[in-house]
Amino acid sequence: MAVGLGLSIGTVNTVSALAEEGSAKAPPGRRSAAERSLAITRRTTLTFDSTGMARVGMIPRHGRAITEFADLSQPKTKQARVGHRALTAADLIAVATECLITEARRDRGAVGARVMLTHPACYTEGRVGEVRAALDAIGLSHVELVAEPVAAATWLEVERGPLMPGLALVYDLGGASLDITLVRVGAGRPRNPIVGVPIRSTDFGGRAFGALVAARAGNGTAPAAISGVTADELRTIHIRSSLQLVYRCLRMADVTMADVDCVLVVGGAARPVEVAQVLADELARPVITAPDPERTIADGAAILARRAAATDEDATGHHRRRRATTRALLLSRRTRRRLTRVAIAAGMSAAGVALALALPADTVVAGLSQLGLR
């Protein structure tokens, strides 16, 4: 059975999702709660015990947890020293990936699962290469890399598809940043469906909004009534301010909002209803949000991994069937040669043997019986 494991290691949270054969074939909007519960969310932290064993998502009572290592787009990325090893941020991502795979195999029955790890679409080829090299260095060459908005669009096609060919704007509001990407969806989309240039900004997201609330609450008033503005209203203002980035993304791709078919909202900070409401009102396009938008990217990566695993299984089955057919053909040819030698030894001419072997099998067997050769 084809199984896919999707991993999304974000700056704040990490999500591990499983997709089994059949879960991606359910009718749109009817994937069961059990299928959605196959995703696990934890904090993006790494801890190492005295033996050097790593754990993801642990907050130790003693010692320290390594955090803030998952975003390679930052000018100063986190590094750590574990024993005699100096680990770069890409190395830490690879270690976290290994921990998640080991856990999924041990606790969730994901032995033999195809694995896909997501990365921000804004990463340069060099940054993606760093992650690739770090994975290969610890024996994870089988782990495939996929851009986050591509994984999110895969979830969209499964949940709301089949989609007509068009454009989806992926609005990824995470804990530490906002990523905006245009992605082609539907039949015939290219291998790299990203259109234009993805945009990332740390001025928006969970932390940025928290800093805004703290700044407005500097006089000690409660967050629900900050300088006469409620927290919900403040979030509305925050999201509306981010629209400048949406329009910049559209200009860089040389398209307008009229060319966009839908807006897909993902990310842990996108859970409040004000986010989708503002985008729907201001952009005048259908806005789609998953029940748990924080898990959308990992779910999409797991679906992609499951599809790849299913393709591998189909290819393996086809290869086996082809080998079996070839073996049967060779056996048939061997049998024909043996029958030819026996028939010629019994006095039949070569032309007569060829004519006999061209007849249906039952006729040949009957003729050989009359000759006393069977």
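In the block above lies the structure referred to throughout.
The residue numbers shown here count from 1 along each chain, following its written sequence. In view of the model being predicted, local features appear only for residues whose pLDDT reaches at least 70, and side-chain atom pairs are presented and counted only at 80 or more, with totals across whole chains, interfaces and linings using the full set of residues. Only hydrogens and water are set aside; all other atoms, that is, all heavy atoms of the structure, feed into the side-chain values.

1. Quick notes on the overall build of the protein
Counting from the N terminus, the helices are the DSSP runs of H or I reaching at least four residues and the strands are the DSSP runs of E reaching at least two. Along the backbone of the protein there are 11 helices and 14 strands. By the burial criterion, 44% of the 374 residues in the protein qualify as buried. Only carbon and sulfur atoms are counted for the fraction: they give 53% of the accessible area of the protein, which is about 19,400 Å². Relative accessibility decides the category of a residue: with a 1.4 Å probe and only protein chains considered, values under 20% of the type maximum give buried, values over 50% give exposed, and everything between is partly exposed. The Shrake-Rupley method, run with a 1.4 Å probe sphere, supplies the accessible areas, and residue values consider only the shown protein chains as cover.

2. Re the layout of surface pockets
In this structure, the largest pocket encloses a volume near 680 Å³. In the cavity and pocket records, a cavity denotes points on a 1 Å grid over the protein atoms alone where a 1.4 Å probe fits but cannot get out, a pocket denotes an open set with protein on both sides within 12 Å along at least 5 of 7 lines, and lining residues are residues with an atom within 4 Å of a point. Contributing to the lining of the largest pocket are 21 residues, with L145, V146, V150, R191 and N192 lying nearest its centre. Within the residue set of the lining of the largest pocket, elements represented by two or more residues are β8 (114-119), α3 (125-137), β9 (144-147) and α9 (296-345). A per-element tally of the lining of the largest pocket places β9 first, with 4 residues. Here the residues of the lining of the largest pocket sort into 13 nonpolar, 3 polar and 5 charged. Its volume calculated, the second largest pocket comes out at about 520 Å³. Together, 32 residues line the second largest pocket, and L173, G174, G175, G267 and G268 are the ones closest to its centre. Among the elements of the structure, β1 (3-9), β2 (13-20), β10 (166-173), α5 (206-216) and α6 (231-241) are those that each provide at least two residues to the lining of the second largest pocket. Among the elements that line the lining of the second largest pocket, the one with the most residues is α6, at 3 residues. Just so you know the grouping, Ala, Val, Leu, Ile, Met, Phe, Trp, Tyr, Cys and Pro go in nonpolar, Asp, Glu, Lys and Arg go in charged, and all remaining residues, Gly too, go in polar. Along the lines of polarity and charge, the residues of the lining of the second largest pocket split into 13 nonpolar, 12 polar and 7 charged. Grid points are joined across faces, edges and corners, and a volume is the space filled by probe spheres set on the points.

3. Quick word on the pattern of salt bridges
Criterion for a salt bridge: a side-chain nitrogen of Lys or Arg within 4 Å of a carboxyl oxygen of Asp or Glu. One pass over the full model with this rule turns up 15 salt bridges. When the shortest N-O distance is used, the salt bridge between R200 and D71 registers 2.8 Å. Remark: D71 occurs in the loop between β5 (54-56) and β6 (80-82) and R200 occurs in strand β12 (residues 194-201); sequence separation between them is 129 residues. The partly exposed category is assigned to R200, whose relative accessible area is 22%. Given a relative accessible area of 10%, D71 falls into the buried group. A salt bridge links R240 to E282, with the nearest nitrogen and oxygen atoms 3.2 Å apart. Linking R240 in helix α6 with E282 in helix α8 (residues 273-283), this pair joins segments that are 42 residues apart in sequence.

4. Section: the nonpolar core
Within the largest apolar cluster, 36 residues are counted, with the highest numbers of intra-cluster contacts made by L5, L46 and L117. Where this core is concerned, the elements lending two or more residues are β1, β5, β6, α2 (89-107), β8 and α3. Here this core takes 11 residues from α2, the largest share from any one element. Among residues more than four places away in sequence, those in contact with L5 are S16, A17, L18, I101, A104, A113, R114, V115, M116, A302 and A305. Take the buried Ala, Val, Leu, Ile, Met, Phe, Trp, Tyr and Cys residues and link them wherever side-chain atoms come within 4.5 Å; each set so joined is a nonpolar core. Grouped together as the second largest cluster of nonpolar side chains are 28 residues, L173, M257, V260 and L283 included. Two residues form a contact once any of their heavy atoms are found within 4.5 Å.

5. What to know about the environment of G205
Turning to its location among the elements, G205 is positioned in the loop between β12 and α5. In this structure G205 comes out as buried when scored by relative accessible area, which is 5%. Expressed as a C-alpha distance, the spacing of G205 and A176, which sit 29 residues apart in the sequence, is 5.4 Å. Excluding residues that lie within four positions of it along the chain, G205 makes contacts with L173, G174, G175, S177, H238 and A269.

6. Observations regarding the sheet that holds β12
Should DSSP find at least two bridges between two strands, the strands are taken to pair. Pairing is mixed in the open sheet, where 5 strands are placed in the order β12-β11-β10-β13-β14. Of all strands in the sheet, those bounded by a partner on one side alone are β12 and β14 (287-289). In this sheet, neighbouring strand axes are inclined to one another by 20° on average, regardless of whether the strands run parallel or antiparallel. Pairing of strand β13 (residues 262-266) with β14, which is carried by 3 bridges, proceeds in the parallel orientation. The residue of β14 that forms the bridge with L264 is I288. For helices, the fitted line uses only the C-alpha atoms of the stretch in contact; every axis is such a line through C-alpha atoms, and the angle between N-to-C directions lies from 0 to 180 degrees. Those strands touched by helix α4 (residues 148-160) are β10, β11 (178-185), β12, β13 and β14, and its axis lies near 115° from that of β13.

Remember that the coordinates give geometry; whether it matters functionally is a separate question.
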